Amino acid sequence: MNGPEIRVEFAPELHVFVPRARRDGAVRATTDGVSSLGHVIESLGVPLTEVGALVVDGREVPVSHVPASGEAVTVRTVVRPQRVPGAPLRFLLDVHLGTLARRLRLLGVDTAYESTDIGDPALAARSAAEQRVMLSRDRGLLRRRELWAGAFVYSTRPEEQLRDVLDRFRPDLLPWTRCTACNGVLRKATKDEVADQLKHGTHATYDVFAQCTACGRAYWKGAHHEQLEAIVERALADSRGHR
Ligand SMILES: [Zn+2]
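Residues numbered from 1 in each chain as written. Predicted model: local features only at pLDDT ≥ 70, side-chain atom pairs only at ≥ 80, totals over all residues. Heavy atoms only, no water.

Student: Help me understand the coordination of the zinc ion, please; the structure alone is not making it clear to me.
Tutor: The protein atoms donating to the zinc ion are C179 (SG), C182 (SG), C212 (SG) and C215 (SG), with metal-donor distances spanning 2.3 to 2.4 Å. One can describe the site at the zinc ion as tetrahedral: its four donor atoms subtend angles covering 98 to 118° at the metal. All donors of the zinc ion come from a single chain, and their spacing in sequence reads C-x2-C-x29-C-x2-C. The buried category is assigned to C212, whose relative accessible area is 4%. Assessed through its relative accessible area of 43%, C215 is described here as partly exposed. (Donors = N, O, S within 2.8 Å, 3.2 Å for Na, K, Ca; no water. Tetrahedral: all angles 85-135°; square planar, octahedral: opposite > 155°, others 65-115°. Buried < 20%, exposed > 50% of the residue type's maximum accessible area, 1.4 Å probe, protein only.)

Printed below as a string of structure tokens:
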């Protein structure tokens, strides 16, 4: 039995999810006459976390809208910067995004990360419990209703992932304030406090130290790899460009 047929046209950013779309991004979809537009869009492969306004015949409709036969739907992408309601902006990353997690922490962005695969239900529950935006390349995970909020990570390259997340959410950047290993907050430390973690040369050369308040790991100024300095500089420059 065939239900109403509708035409759904996706924004260019969303074409990656809809391989069967024609070159103009449009898909013909048959619905069952009772499912919501949100359901139809998800069944075409597009996570609702990536969907902005839905426009039907020139007027905006909610995802709960039930499409009628012959409707033409335009699916826009999320508006940037994306505002997440409620809690201060913080993230949760799945097991595949370890490099991105460390880079966000390097920039002082509150970033929880699961280095083992705890499964989608546990990730979604943590996102909800801690009010964290779930970042993932897993569309199935992003479909979970429990998520506080979620976002698809489009690139597989950490540089592009970082730029994309910063551009989308525009978090406040406070470089060198978080532990890249555990996301703990760093505090100033004396050389004596971290002496047991210092190699001989470090002890002699550096005077400015910090220590993670959660795991105790020591950090010292000047010890950062040039690549990390470059990541911070680029992120700060992009951030200034956004303002
Ligand atoms: Zn730590």
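Student: Teacher, can you tell me more about the UniProt feature "domain: Ubiquitin Mut7-C" (unreviewed entry) in the chain here?
Tutor: Within the UniProt annotation, "domain: Ubiquitin Mut7-C" (unreviewed entry) is assigned to residues 4-82. In residues 4-82, the share of helix is 9% and the share of strand is 33%. The end C-alpha atoms are 33 Å apart. (UniProt positions renumbered as here; feature names shortened; annotations may be inferred. Helix = DSSP H or I, 4+ residues; strand = E, 2+ residues; numbered from the N terminus.)

Student: Just to check I follow, could you spell out the layout of surface pockets for this structure?
Tutor: Remark: the empty space left among the atoms is shown by a probe the size of a water molecule rolled over them. Size it by volume and the second largest pocket reaches roughly 250 Å³. As for the second largest pocket, its lining consists of 13 residues, of which R170, P171, D172, S239 and R243 are closest to the centre. Here the element with the most residues in the lining of the second largest pocket is helix α7 (residues 226-242); it accounts for five residues. A class-by-class count of the residues in the lining of the second largest pocket yields six nonpolar, two polar and five charged. (1 Å grid on protein atoms, 1.4 Å probe; cavity = no way out; pocket = protein on both sides within 12 Å on 5 of 7 lines; lining within 4 Å. Points joined across faces, edges and corners; volume = space filled by probe spheres on them. Nonpolar A, V, L, I, M, F, W, Y, C, P; charged D, E, K, R; others polar.)

Student: Looking at this model, I keep getting lost on the sheet that holds strand β6 (residues 91-93). Mind explaining?
Tutor: The strands that make up a sheet pair up through hydrogen bonds in the backbone, lying either parallel or antiparallel. Strand order in this open sheet of four strands is β7-β6-β8-β9, and the pairing throughout is parallel. The sheet is open, and its two borders are formed by β7 (111-113) and β9 (149-152), each paired with just one other strand. Each adjacent strand pair in this sheet contributes to an overall mean axis angle of 25°, direction not counted. One ladder, built from three bridges, connects β6 with strand β8 (residues 133-136); its direction is parallel. Bridge pairing in β8 links F91 to V133. Where helix α2 (residues 98-106) meets the sheet, it contacts β6, β7 and β8, and its direction lies at approximately 155° from that of β7. Its contacts with the sheet put helix α5 (residues 158-169) on β6, β8 and β9, and the angle it makes with β9 is roughly 135°. (Pairing = 2+ DSSP bridges. Axes fitted to C-alpha atoms, helices over the stretch in contact; angles between N-to-C directions. Contact = heavy atoms within 4.5 Å.)

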